[in-house]
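Summary of structural features
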Amino acid sequence: MNIFASNLLARREEKRLTQAFMAIHCGMSQPNYSDIERGKTNPSIEQLKKFAKILEITVDELISEQQMSHSETPITPPVLQRTEADKDTYIKILENRLRALLLEKESTR
């Protein structure tokens, strides 16, 4: 795991947010978010900005070489509320995942 991924995980856990919450609010699937958090893929600049906004830190703090620890930042409750746009995004993620599963099932026949 790289330092960015470690910082992302530490801050998300400090904020007591789930991977699913992060994925929905960043417009991606949970497995895609998980790959970023585990350092398997790199996020886009726009995704970095969204992560930082949700986690209430700067992009610089998120990508800092100095690893965050759980004790460095205060725990605050999430300030984001689900909106209709969030629900629409979540539905699109689920629809895309269902389509992918159906295509996968058809290709194995």
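Look up: the structure comes first, before these words.
These lines cover the structure that appears in this document, whether it is placed above or below. (Residues numbered from 1 in each chain as written. Predicted model: local features only at pLDDT ≥ 70, side-chain atom pairs only at ≥ 80, totals over all residues. Heavy atoms only, no water.)

With that out of the way, let us pick up the overall build of the chain. Secondary structure summary: the chain contains six helices and zero strands in total. Along the chain direction, N to C, the helices and strands of the chain fall in the order α-α-α-α-α-α. The contacts in the chain between residues at least 6 apart in sequence include a share of 68% that link residues at least 24 apart. Here the chain displays about 7,200 Å² of accessible surface, and carbon together with sulfur accounts for 54% of that area. (Helix = DSSP H or I, 4+ residues; strand = E, 2+ residues; numbered from the N terminus. Contact = heavy atoms within 4.5 Å. Areas by Shrake-Rupley, 256 points an atom, 1.4 Å probe, with all protein chains shown as cover.)

In this section: the environment of isoleucine 63. Along the chain, isoleucine 63 turns up in helix H5 (residues 59–63). The sequence separation of isoleucine 63 and serine 6 amounts to 57 residues, and the corresponding C-alpha distance is 9.6 Å. If sequence neighbours within four positions are ignored, isoleucine 63 has contacts with Phe4, Asn7 and Leu48.

Here the focus is the packing of aromatic side chains. Applying the stated criterion across every chain yields a total of one aromatic pair. Between tyrosine 33 and phenylalanine 51, the ring centres sit 5.5 Å apart and the planes meet at 85 degrees, which makes this aromatic pair edge-to-face. With tyrosine 33 in helix H3 (residues 30–37) and phenylalanine 51 in helix H4 (residues 45–55), this pair connects stretches of sequence that are 18 residues apart. The exposure class assigned to tyrosine 33 is buried, which follows from its relative accessible area of 0%. (Phe/Tyr/Trp six-rings, centres within 6.5 Å; stacked < 30°, edge-to-face > 60°. Buried < 20%, exposed > 50% of the residue type's maximum accessible area, 1.4 Å probe, protein only.)

Ranked by size, the top nonpolar core spans 16 residues in total, and within it Leu8, Met22, Phe51 and Leu62 carry the most contacts. Secondary-structure elements contributing two or more residues to this core are helix H1 (3–14), helix H2 (19–26), H3 and H4. (Core = buried A, V, L, I, M, F, W, Y, C linked by side-chain atoms within 4.5 Å.)

By the element assignment, lysine 15 lies in the loop between H1 and H2. Within polar-contact distance, the side chain of lysine 15 engages the side chain of glutamate 56 at 2.3 Å. (Polar contact = N/O pair within 3.5 Å; in protein donor to acceptor, adjacent residues only side chain to side chain.)

Taking burial as the measure, the eight residues of H2 include seven buried ones, the bulk of the element. Glycine 27 sits one or two positions beyond H2 and adopts a positive phi of about 70 degrees.

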